[in-house]
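# What the coordinates show
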Amino acid sequence: MSDIEERVKKIVVEHLGVEEAKIQSDSKFIDDLGADSLDTVELVMAFEEEFGCEIPDDAAEKIVTLKDAVTYLTANAN
Amino acid sequence: MFKDRKLLVTGGTGSIGNSVCNYFNNNGCKEIYSTTTDMNKINSNQDFIKFKELNFNNIENSNLEELFDFDIDYLVLNAGLNRDNIFLRMSSDDWNSVINVNLNSSFHILKHFTKKMVKKKFGRVIFISSVVAYTGNRGQVNYTASKAAISGMVKSLALELSTRNITVNSVAPGFIRSNMTDKLNDDQKNAILEKIPMKKLGDSSDIAKAVGFLCSENANYITGQTLHVNGGLALI
């Protein structure tokens, strides 16, 4: 697991209160991990803080799984 | 009552904005921010308020992240503008500037601050509406449209944010004693008083107290509502 993936997973676990073992790379935050729409906003804010980057709204809307977040942050994190 | 809480009131140099700031200051709120379009309008007795210069007619060109690099607990959207004229004489500029200041600016301010409120899982948002949003008023098609739009915003936003302990309400003042009503002549004043069951104009402090109530713990379970403060002028 990449460093970025590990950090993203940690944020998801902390924020959504789900067990790490239940998170697959293609688990959807809303459909599979019980997030509501505001949780996804909060997750994106937490990613921004952890990785020191700004995720614009149109990109944020496309981050629906762990994999999406890791892909985006790998390309854009500072 | 508001100890350790932070307040932002837009349009703090107007009579209602100033009263809200005073009320919160007198009730323990020690961090009070406001906005004004003109820093020269600030009175000497407003030195407890941290003012930011902001033109709501042109808010899209302002860097809100930089201007408001802090979070708040209470947001009072009070800044307002009226450009009255009968509809057939109302210019596009009269229409656009009133919609920009009274409605569109709220979108931008709210985008900025509700994000922070979601994060801290607490927030009290109060819009200042107006009785004329509910009754209509000749010469105020633009103003009433902007204020009536707020009532839809309050309800939808209340629904969206309720799971994060953020309540969204509005206060709708009737006729309030202000610089504007001071300029009316006796006949005009009497005509207004005739319509008000309490036979007196409201005071801006009456509005401040209603705002204070909606921000207080007494109103924790109230959201998506409009509190009408109008001496019985319109019973809605």
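The structure reproduced in this document is the subject of the present report. (Residues numbered from 1 in each chain as written. Chains lettered and ligands numbered in written order. Predicted model: local features only at pLDDT ≥ 70, side-chain atom pairs only at ≥ 80, totals over all residues. Heavy atoms only, no water.)

A pair of packed helices is characterised by two quantities: the angle between their axes and the separation of those axes. Residue and element names in this part refer to chain B. The contact between helix H3 (residues 92–120) and helix H5 (residues 141–161) brings their axes to 9 Å, and the two run at 15°. In this view, H3 runs roughly parallel relative to H5, as classed from their interaxial angle. Crossing handedness for the pair H3 and H5: right-handed. Contacts from Asp 94, Trp 95, Val 98, Ile 99, Asn 102, Leu 103, Ser 106, Phe 107, Leu 110, Thr 114 and Val 118 in H3 reach Val 141, Asn 142, Tyr 143, Ala 145, Ser 146, Lys 147, Ala 149, Ile 150, Met 153, Leu 157 and Leu 161 in H5. Each residue belonging to the contact of H3 with H5 can be placed in one class, and the counts come to 15 nonpolar, five polar and two charged. (Axes fitted to C-alpha atoms, helices over the stretch in contact; angles between N-to-C directions. Helix = DSSP H or I, 4+ residues; strand = E, 2+ residues; numbered from the N terminus. Parallel < 35°, antiparallel > 145°, perpendicular 65-115°, else oblique. Left-handed = near helix turned anticlockwise from the far one by under 90°. Contact = heavy atoms within 4.5 Å. Nonpolar A, V, L, I, M, F, W, Y, C, P; charged D, E, K, R; others polar.)

Before going further, it helps to spend a moment on the interface of chain B and chain A. Note on interface size: it is often stated as the accessible area lost on association of the parts. With nine residues of chain B at the interface, the matching set in chain A holds seven residues. A combined buried area of about 720 Å² lies between chain B and chain A, and 49% of that area is made up of carbon and sulfur atoms. Considering only the side of chain B, the residues that lose the most area to chain A are Lys115(B), Lys119(B) and Arg164(B), jointly responsible for 64% of the buried surface there. Salt-bridge contacts for Glu42(A) lead to Arg164(B); the nearest nitrogen and oxygen are separated by 2.7 Å. Here chain B and chain A share six residue pairs in polar contact (both at pLDDT 80 or more) between them. Of all the secondary-structure elements, those providing two or more residues to the side of chain B that touches chain A are H3 and H5 of chain B. Among the elements that make up the side of chain B that touches chain A, the one with the highest residue count is H3(B) (four residues). Broken down by class, the residue content of the side of chain B that touches chain A amounts to two nonpolar, one polar and six charged. (Buried area = accessible area lost by both parts, 1.4 Å probe. Salt bridge = Lys/Arg side-chain N within 4 Å of Asp/Glu carboxyl O. Polar contact = N/O pair within 3.5 Å; in protein donor to acceptor, adjacent residues only side chain to side chain.)

Take the packing of aromatic side chains next. Residue and element names in this part refer to chain B. Applying the stated rule across the entire model yields ten aromatic pairs over all chains. Between Tyr 33 and Phe 70 the ring centres are 3.9 Å apart and the planes differ by 15°, which places this aromatic pair in the stacked class. With Tyr 33 in strand S2 (residues 31–36) and Phe 70 in the loop between helix H2 (64–67) and strand S4 (74–77), this residue pair connects regions lying 37 residues apart in the sequence. Judged by relative accessible area, Phe 70 falls into the buried class, the value being 10%. Members of the aromatic cluster, connected to one another through ring pairs, are Phe 2, Tyr 23, Phe 24, Tyr 74 and Phe 122. Between Arg 5 and the ring centre of Phe 122, over which it is positioned, the NZ or CZ distance is 3.9 Å. Over the ring of Tyr 33 we find Lys 50; its NZ or CZ atom is 5.3 Å from the centre of that ring. (Phe/Tyr/Trp six-rings, centres within 6.5 Å; stacked < 30°, edge-to-face > 60°. Buried < 20%, exposed > 50% of the residue type's maximum accessible area, 1.4 Å probe, protein only. Lys NZ or Arg CZ within 6 Å of the ring centre and 35° of its normal.)

All names here are of chain B. Summed over all chains, the structure comprises one cavity of 30 Å³ or more. Within this model, the largest cavity holds a volume of roughly 40 Å³. In terms of lining, the largest cavity is formed by Leu 77, Asn 78, Ala 79, Asn 102, Ser 106, Phe 127, Ile 128, Lys 147 and Ile 150. Of all elements in the fold, only H3, strand S5 (123–128) and H5 reach the threshold of two or more residues within the lining of the largest cavity. (1 Å grid on protein atoms, 1.4 Å probe; cavity = no way out; pocket = protein on both sides within 12 Å on 5 of 7 lines; lining within 4 Å. Points joined across faces, edges and corners; volume = space filled by probe spheres on them.)

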